[in-house]
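Fold and geometry: a report
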Amino acid sequence: MSQTTLDDDELFGEAASEMREDVESSLAAARESLPDADDVWETEAENTLGVLNGLKSALDVGEAEEHLRDAKKWYTMGERADAFDDAADLEEEIETVEGIVADVESAAEQVGELTATIPELRGALEDAHADVEESADDAEASEDEA
C-alpha cells in the first residue's frame, strides 16, 4: 500500500469522525432549541385565552428545525460516502428529534386554532345566556301584565 493511499485513508477516517461529530452536535443543538417542558406545562394567566397565548408562545421550536436539518445533511453525506461504521444510533436519534419537532409544531397549530376559537365561543355563549335572560325577563313582564 502506498503512502498516498494510507494518507487518504487516514484523512477519510478523520473526515468521517468529524461528520459524525457534526451530526451529533447538530442533534444536541436541536434538542437544546426545543421548548422547555416546564414552559409548556406551567402557566400564569388570568383567563383561558391568556393560558392559550402563553402555551402558543412556549410551543416555538426555535432553531431546532435548522439544527435538525444540519444533522440530516451531515448524516446523509456520511451515509452516501459510507463514512460511518455504524450509523443506526444517529438515524434513530434523528428520527426521535424529528418526531418531537413535528409533535411540538402540531400542538402549536392546534393551540393556535383553539386560541382563535375561544373568543368566538365566549361571544356565542354570552349571546346565548343574554337571550335566555331576555326571554325570562319577557316572560316575567307578560305575567305581571296579566
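Look above for the structure.
Let me sum up the structure you'll find in this document.

1. Here's the deal with the nonpolar core
Among the nonpolar cores identified, the biggest contains 23 residues, and Val23, Leu27, Leu68, Tyr75, Phe84 and Val101 are the most heavily contacted of them. Of all elements in the fold, only helix 1 (3-33), helix 4 (64-80) and helix 5 (88-145) reach the threshold of two or more residues within this core. For this core, the leading source of residues is helix 5, giving seven residues. When near neighbours in sequence (up to four residues on either side) are disregarded, Phe84 contacts Ala16, Met19, Arg20, Val23, Trp74, Tyr75, Gly78, Glu79 and Leu90.

2. Remarks on a negative patch on the surface
There is a patch of like negative charges on the surface, built from Asp7, Asp8, Asp9, Glu10, Glu14, Glu18 and Glu21. Within the secondary structure, Asp8 sits in helix 1. For Asp8, a relative accessible area of 44% corresponds to the partly exposed category.

3. Looking at the packing of aromatic side chains
Evaluation of the coordinates by the stated rule reveals one aromatic pair. Summarising the aromatic geometry, the rings of Tyr75 and Phe84 are spaced 6.1 Å apart at their centres and angled 15 degrees between planes, so their arrangement reads as stacked. Grouping residues by exposure puts Tyr75 and Phe84 together as buried.

4. Points about the environment of Ala64
Residue position: Ala64 is located in helix 4. Relative accessible area serves as the criterion here: at 0%, Ala64 is assigned to the buried category. On a C-alpha basis, the gap between Ala64 and Pro35 in space is 9.2 Å, while along the polypeptide they are 29 residues apart. Leave out the neighbours within four places in its chain, and Ala64 touches Ala30, Ser33, Leu34 and Val101.

Parameters at a glance
Residues numbered from 1 in each chain as written. Predicted model: local features only at pLDDT ≥ 70, side-chain atom pairs only at ≥ 80, totals over all residues. Heavy atoms only, no water. Core = buried A, V, L, I, M, F, W, Y, C linked by side-chain atoms within 4.5 Å. Buried < 20%, exposed > 50% of the residue type's maximum accessible area, 1.4 Å probe, protein only. Helix = DSSP H or I, 4+ residues; strand = E, 2+ residues; numbered from the N terminus. Contact = heavy atoms within 4.5 Å. Patch = residues over 30% accessible without salt bridge, like charges linked within 9 Å, V, L, I, M, F, W, Y side chains within 5 Å. Areas by Shrake-Rupley, 256 points an atom, 1.4 Å probe, with all protein chains shown as cover. Salt bridge = Lys/Arg side-chain N within 4 Å of Asp/Glu carboxyl O. Lys, Arg positive; Asp, Glu negative; His and termini not counted. Charge placed at Lys NZ, Arg CZ, Asp CG, Glu CD. Phe/Tyr/Trp six-rings, centres within 6.5 Å; stacked < 30°, edge-to-face > 60°.

None of this, on its own, says anything about what the molecule does.
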